[in-house]
Structures are given as C-alpha cells and as structure tokens.
Amino acid sequence: QVQLVESGGGLAQVGGSLRLSCAASGSSFSFYLMGWYRQAPGEQRALVATITSGRTTNYADSVKGRFTISRDNGKNAVYLQMNSLKPEDTAVYYCHVPYRGRAYWGQGTQVTVSS
C-alpha cells in the first residue's frame, strides 16, 4: 500500500508563490511517473504536471513557464513550485502516482489565490 502525504497549500496573493510537497510512504518503491492534478469546485480533475524517473517533464499549457515539477527519487517525493499565481490556479491539488497497476492519490491540499 502506497500512502501519499501532501503539504504546502495555503493562501497566496496574485503573482505570489507556493511550493507543494508530496512524500510517499516507504523507501523501497520505484515510481516511473509522479504527478500533480488539480480540481476546482464543479470542475473535472485536470493534469497539472508529470515527471518521470529520468526527470522528463510535462506541463499543462495553462501553467507552462510558471510552475516547475521536480522529484527526489531517494525520498520518493515530488514537488511543485508555483510562481506567478493567478486566481484561476485556485483548486485542490492532488499528488498522483501509478504503481503496479493501481492509481494512488494524496488527500489533496487546498490552494487559494486571491484576486
């Protein structure tokens, strides 16, 4: 069983920054892909960014140039640095890891950007 614990959410001003962290339980996992999704009320959960074990990254067009995803393979952790925040970034952000045919999700962390 993989457990993902997120932190770093909160309230930010327009143009501000936040850094999200997600750590997986255990130290012997080998994750090919780790990523972040977000979901606003009444909206579908949408991909924000992914990163492979080789650190190849992929971003949604809406966050390119503003967000940076990174990972620490030794710590089984993934991070999301969010800069130049906009009101439309307001959502619950979820860490996601596919592993051994299953999808694991964090509990979600709220990000609110004031307009």
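The structure this text deals with has already been given above.
The structure displayed is predicted, hence computed values, not measured ones. (Residues numbered from 1 in each chain as written. Predicted model: local features only at pLDDT ≥ 70, side-chain atom pairs only at ≥ 80, totals over all residues. Heavy atoms only, no water.)

How would you explain the nonpolar core if you had to name every residue and give the values?
Among the nonpolar cores identified, the biggest contains 31 residues, and Trp36, Leu80, Met82 and Tyr93 are the most heavily contacted of them. Where this core is concerned, the elements lending two or more residues are β3 (18–24), β4 (33–39), β5 (46–52), β7 (67–72), β8 (77–82), β9 (91–99) and β11 (109–114). The dominant element in this core, judged by the number of residues it contributes, is β9, at five residues. What Met82 contacts, discounting residues up to four positions off in sequence, is Gly16, Ser17, Leu18, Leu20, Arg66, Phe67, Tyr93 and Val111. (Core = buried A, V, L, I, M, F, W, Y, C linked by side-chain atoms within 4.5 Å. Buried < 20%, exposed > 50% of the residue type's maximum accessible area, 1.4 Å probe, protein only. Helix = DSSP H or I, 4+ residues; strand = E, 2+ residues; numbered from the N terminus. Contact = heavy atoms within 4.5 Å.)

Tell me about the state of the cysteines, and please be specific about residues and values.
Tallied over the full model, the rule gives one disulfide. Across a sulfur-sulfur distance of 2.1 Å, Cys22 and Cys95 are joined as a disulfide pair. As the torsion about the S-S bond is roughly -80°, the Cys22-Cys95 disulfide counts as left-handed. With Cys22 in strand β3 and Cys95 in strand β9, the pair connects residues that are 73 residues apart, well separated along the chain. With respect to burial, Cys22 and Cys95 carry one shared label: buried. (Disulfide = S-S within 2.5 Å.)

Please set out the packing of aromatic side chains residue by residue, giving values where relevant.
Per the counting criterion, the structure on display carries five aromatic pairs. Arranged with centres 5.4 Å apart and planes meeting at 15°, the rings of Phe29 and Phe31 form a pair that is stacked. Looking at Phe29, the relative accessible area reads 19%, which means it is buried. For Phe31, a relative accessible area of 3% translates into the label buried. Geometrically, the ring pair formed by Phe29 and Tyr99 is edge-to-face, given 5.4 Å between the ring centres and 85° between the ring planes. (Phe/Tyr/Trp six-rings, centres within 6.5 Å; stacked < 30°, edge-to-face > 60°.)

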